[in-house]
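# Analysis of the macromolecular model
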Amino acid sequence: DNFIPSLGQSDSAASHLNANGVSENDVFLFFGLFQKLEWKNERWLFTGKPFHAIWGYLQVDKVFNLSNKNNREQFKNHLHVKHPALRNPNFIYTAKKSLELNGSTFDVPGYGAFQFDELLRLTIPGCDFVTYWKKDCLPWIQEGSPNMTYHNNENFKKEYFQASYRGQEFIVKNGEPYIEWFKKLLKLRDERWD
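What counts and how
- Residue indices follow the written sequence of each chain, beginning from 1 at its first position.
- Per-residue local features of the predicted model are confined to residues with pLDDT of at least 70, and side-chain atom pairs are confined, for both listing and counting, to 80 or more; whole-chain, interface and lining totals are unaffected and use all residues.
- Computation of side-chain values covers all heavy atoms of the structure but excludes hydrogens and water.
- Only protein atoms enter the 1 Å grid used here, on which a cavity is any set of points holding a 1.4 Å probe that cannot leave and a pocket is any open set flanked by protein within 12 Å on both sides along at least five of seven lines; residues with an atom within 4 Å of a point are listed as lining.
- Grid points are joined across faces, edges and corners, and a volume is the space filled by probe spheres set on the points.
- To qualify as a helix, a DSSP run of H or I must reach at least 4 residues; to qualify as a strand, a run of E must reach at least 2; elements of each kind are numbered from the N terminus.
- Throughout this entry, Asp, Glu, Lys and Arg are counted as charged residues, while Ala, Val, Leu, Ile, Met, Phe, Trp, Tyr, Cys and Pro are counted as nonpolar. The remaining residues, Gly among them, count as polar.
- Two strands form a pair only when DSSP identifies at least two bridges running between them.

In this structure, the largest pocket occupies an estimated 1,200 Å³ of space. Along the wall of the largest pocket there are 44 residues; nearest its centre are Val27, Phe28, Leu29, Phe170 and Val172. Counting only elements with at least two residues in the lining of the largest pocket, the list comes to strand E1 (6-10), strand E2 (27-40), strand E3 (43-65), strand E5 (100-101) and helix H4 (179-186). Looking at the lining of the largest pocket element by element, the count peaks at six residues for E2. Space inside the second largest pocket adds up to approximately 480 Å³. The wall of the second largest pocket is formed by 21 residues, among which Trp55, Gly112, Ala113, Phe114 and Trp193 lie closest to the centre. Looking at the lining of the second largest pocket, the elements with two or more residues in it are E1, E2, E3 and strand E7 (111-113). Among the elements that take part in the lining of the second largest pocket, E3 stands out by supplying six residues, more than any other. The class makeup of the residues in the lining of the second largest pocket is 17 nonpolar, three polar and one charged.

Below is the structure:
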């Protein structure tokens, strides 16, 4: 009953988000490394090649700085409070109850997971390198202007977009042009996670 969907970030990751002004109403898109599984000979085996894909989202309702003692008390069961090795800056980003885009409220939570669809795949299918992303996998990856932190024109190769090898906080400035694309992703929401 007291579950609050949230994301914690600390140290250099939190500094990067803070320096780029990530705050209320911004949307996090989560991507990860995936590989197909197959049940064979009484055990699970990985099949196919690993790949990056988008798996979920969270729209920020509030940002809590965990250097504030009251915020630490409020989130005392959160990993970003309990884990002793996490250093400042250390923030928790909570999710909106309902998604809000361009002044419109949607009848879906401000957080969620997606059912897999090829639209969510970032890595070129069958590629040996997970950071070789399809050039059209994200609308802000455009030749001459990747519009994403940690990336520049040198990330554009002839056949692919070379995603940064390290990092998870890639920030897109001025996401307004990409809201329609994001709305299409909402059709892939997995309501079992609500």
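Further notes follow.
For the rest of this paragraph, the subject is the pairing of E3. Remember that side chains alternate between the two faces of the sheet whenever the strand is regular. Here 13 bridges tie E2 to E3, and the two strands are oriented antiparallel to one another. Counted as the bridge partner of Lys36 is Thr47 from E3. The turn linking E2 back onto E3 is made up of two residues, and Asn41 within it adopts a positive phi angle of 50°. Relative to E7, E3 runs antiparallel, the two sharing three bridges. Counterpart to Leu58 in the pairing with E7 is Tyr111.

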